[in-house]
Amino acid sequence: MSAVESVRWSADGSAVDIIDQRLLPGTLVRRALRTADEVCEAIRTLAVRGAPAIGVTGAMGLVVALAPHVDEERERFLAHADELGERIARVRPTAVNLSWAVGRIRRRARETTGDARVVLEALRREATSILDEDREMCRRIGEHGLALLGDGARVLTHCNAGALATGGIGTALAPVYLAAERGRRVAVFADETRPLLQGSRLTAWELAQAGIDVTVLADNMAASLMREGSVDLVIVGADRIAANGDVANKIGTYPLALAARHHGIPFYVAAPWSTVDPATPTGDAIEIEHRSGDELGRGSEAPVSPRDVAVYNPAFDVTPAALVTAFVTDRGVLRPPYRFDDAGHAGGSPG
Ligand code: MRU
C-alpha cells in the first residue's frame with residue numbers, strides 16, 4: 001500500500017512541493033511554492049487543503065518565503081517572520097493546525113539566538129519536524145483506529161481526511177490504510193461532499209490509487225445507506241476540536257452524526273493533537289470560514305470523480321416516521337402518533 005505524498009520539500013529545498021488538489025482526479029500535477037503570495041494563494045484556493053496539510057504547508061511556506069531575507073539583520077528578519085506568518089495564518093481561519101504550525105515557526109525564530117542565517121536553518125529544521133511529526137501522528141491514529149475496524153468493515157467518511165489532507169497517511173483514512181496493509185477486507189463509502197467534492201474527487205482517487213474498495217455517494221444518500229444496514233461505522237476528520245469536544249469539520253459532517261446516532265452506528269472523529277484547541281471553549285466560539293458563492297454556482301471543469309469508481313445512486317429514500325414532526329395535509333396538520341393504515345382516514349392528532 002502506498003499513500004500519496006501531498007506536501008514535501010522540493011529537491012533543492014527552495015520550495016514547498018505540493019500536489020495541486022484542484023486538478024484531481026483528472027490530472028496529477030505538482031506545484032512549487034516559493035513566495036508568501038504563492039503559499040497563501042495555494043491554501044486559499046484549496047490547491048493544498050485538509051487541516052494538517054495546510055499546517056505543514058504554512059510552516060514550510062513561511063520558511064521558503066523568508067529565505068530571500070536571510071542577509072538582513074536579525075531584528076528585521078524576525079519582523080518579516082511575524083508579518084509573513086500572520087498573513088499565512090489568516091488565510092483559512094477554521095483549521096487550528098494552520099495558526100498552530102505557523103505559530104511554532106514564529107516562536108522558534110524568537111527563541112533561536114544568532115544571525116538570520118542561523119535562525120533560518122533552525123526554522124527549516126522546525127518545519128521538517130512538523131512534517132515528520134504529522135506523518136508519525138497519522139500512523140499512530142491508524143494504529144489506534146485499527147481496533148475499530150473488524151474484518152470486512154464498511155466505513156462511511158465525509159470530505160477527504162486521507163493522505164492528501166495530511167503529511168502522512170491521513171487521519172480518518174489512516175485506520176483504513178493500515179487495515180488494508182494488514183490484509184483485512186475493508187470497504188469505504190465516500191460522501192461526494194458538496195460543493196467542492198473532496199470526497200468524490202480526492203478520497204475516491206487516493207483510495208483507488210491504493211487499491212482499496214471505494215464507492216462514491218451523494219451526501220444526501222448517506223442516511224439511506226445507513227438505514228439499509230450497509231454502514232458499520234462513520235469516521236471523519238476534524239479542523240478544530242474545542243475544549244468541550246465540539247468538532248468543526250467539513251460542512252455536512254453534522255447531519256452525518258445525527259443520522260449515525262439515529263441508526264445506532266458509531267461516529268468517530270480522527271484527528272491529531274494539533275487539531276485540539278483548548279483555548280476555544282465550545283464549538284460556538286469556532287470561526288467558521290465562509291467561501292465564495294461561485295463554488296456552488298459554477299460547475300467545475302475537472303471531472304468530479306475518478307473513472308471506474310463504483311457509484312451508489314438511488315432516486316428516492318425513506319425517512320422513518322419517528323423523524324417527522326408533523327404531516328401538513330389537505331385534512332390538516334397531523335402530529336404523532338401517526339396512523340395511516342385506515343385507508344382514506346389518516347390518523348394522528350390534529351395539531
Ligand atoms: O476545506 P477542506 O477540504 O480543507 O476541508 C477538509 C476537512 O474538513 C477535513 O475533514 C479536515 O481538514 C480533516 S483533514 C485530515
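How should I be thinking about helix α1 (residues 36-44) in this particular structure?
Since the α-helix advances by 3.6 residues per turn, residues separated by three or four positions end up pointing in the same direction. Listing the buried residues of α1 in full gives Ala36, Val39, Cys40, Ala42 and Ile43. Take α1 and look down its axis: the buried residues cluster within an arc of 165°, on one side only. Of the surrounding elements, those touching the buried residues of α1 are β2 (16-19), β3 (30-33), α2 (51-66), α3 (74-90) and α4 (96-111).

Where do I start with the pattern of salt bridges in this structure?
Opposite charge on two side chains permits pairing when their charged atoms draw close. Taken as a whole and assessed by the stated rule, the structure comprises 28 salt bridges. Note that arginine 140 and glutamate 136 form a salt bridge whose closest N and O atoms lie 3.5 Å from each other. Of the two residues, arginine 140 and glutamate 136 both sit in helix α5 (residues 116-146), four residues apart, roughly one turn of that helix. Taking relative accessible area as the criterion, glutamate 136 reaches 41% and is therefore assigned partly exposed. For arginine 154, the salt bridge goes to aspartate 232, with nearest N and O atoms at 2.9 Å. Of this pair, arginine 154 sits in strand β4 (residues 153-157) while aspartate 232 sits in the loop between α8 (222-227) and β7 (233-236), placing them 78 residues apart in sequence. Accessibility expressed as a relative area gives 29% for arginine 154, which makes it partly exposed.

Teacher, can you tell me more about the domain arrangement of the protein chain here?
Interface extent is often summarised as the accessible area lost during association of the parts. Domains assigned within the protein chain are domain 1 (7-139) and domain 2 (144-350). Between the C-alpha centres of domain 1 and domain 2 there is a distance of 31 Å. In this assembly, 28 residues from domain 1 lie in contact with 38 residues from domain 2. Counting each side, the surface lost to burial between domain 1 and domain 2 is near 2,700 Å², with a carbon and sulfur contribution of 56%. Considering only the surface of domain 1 that becomes buried against domain 2, Pro25, Thr94 and Arg139 emerge as the three largest contributors, covering 24% of it. The interface formed by domain 1 and domain 2 holds two salt bridges in total. Arginine 139 is paired through a salt bridge with glutamate 181; the nearest N and O atoms lie 3.7 Å apart. The tally of links from domain 1 across to domain 2 stands at 16 residue pairs in polar contact (both at pLDDT 80 or more). When residues of the side of domain 1 that touches domain 2 are traced back to their parent elements, those giving at least two are α2, α4 and α5. For the side of domain 1 that touches domain 2, the leading source of residues is α5, giving six residues.

Help me out: how do you make sense of the site of the ligand in this one?
As a matter of local geometry, the ligand sits amid 17 residues, with Arg49, Ala51, Arg92, Asn249 and Lys250 nearest to it. Side-chain polar atom of arginine 92 to an oxygen atom of the ligand: 2.8 Å apart, as the coordinates give it. Lysine 250 places a polar side-chain atom, nitrogen or oxygen, 2.8 Å from an oxygen atom of the ligand. Isolated, the ligand exposes 410 Å² of accessible area, and the fraction of that covered by the protein chains is 99%.

So, how was this worked out
Residues numbered from 1 in each chain as written. Predicted model: local features only at pLDDT ≥ 70, side-chain atom pairs only at ≥ 80, totals over all residues. Heavy atoms only, no water. Buried < 20%, exposed > 50% of the residue type's maximum accessible area, 1.4 Å probe, protein only. Helix = DSSP H or I, 4+ residues; strand = E, 2+ residues; numbered from the N terminus. Arc of directions from axis to C-beta. Contact = heavy atoms within 4.5 Å. Salt bridge = Lys/Arg side-chain N within 4 Å of Asp/Glu carboxyl O. Domains from an automatic or database assignment. Buried area = accessible area lost by both parts, 1.4 Å probe. Polar contact = N/O pair within 3.5 Å; in protein donor to acceptor, adjacent residues only side chain to side chain. Near = heavy atom within 4 Å. Areas by Shrake-Rupley, 256 points an atom, 1.4 Å probe, with all protein chains shown as cover.

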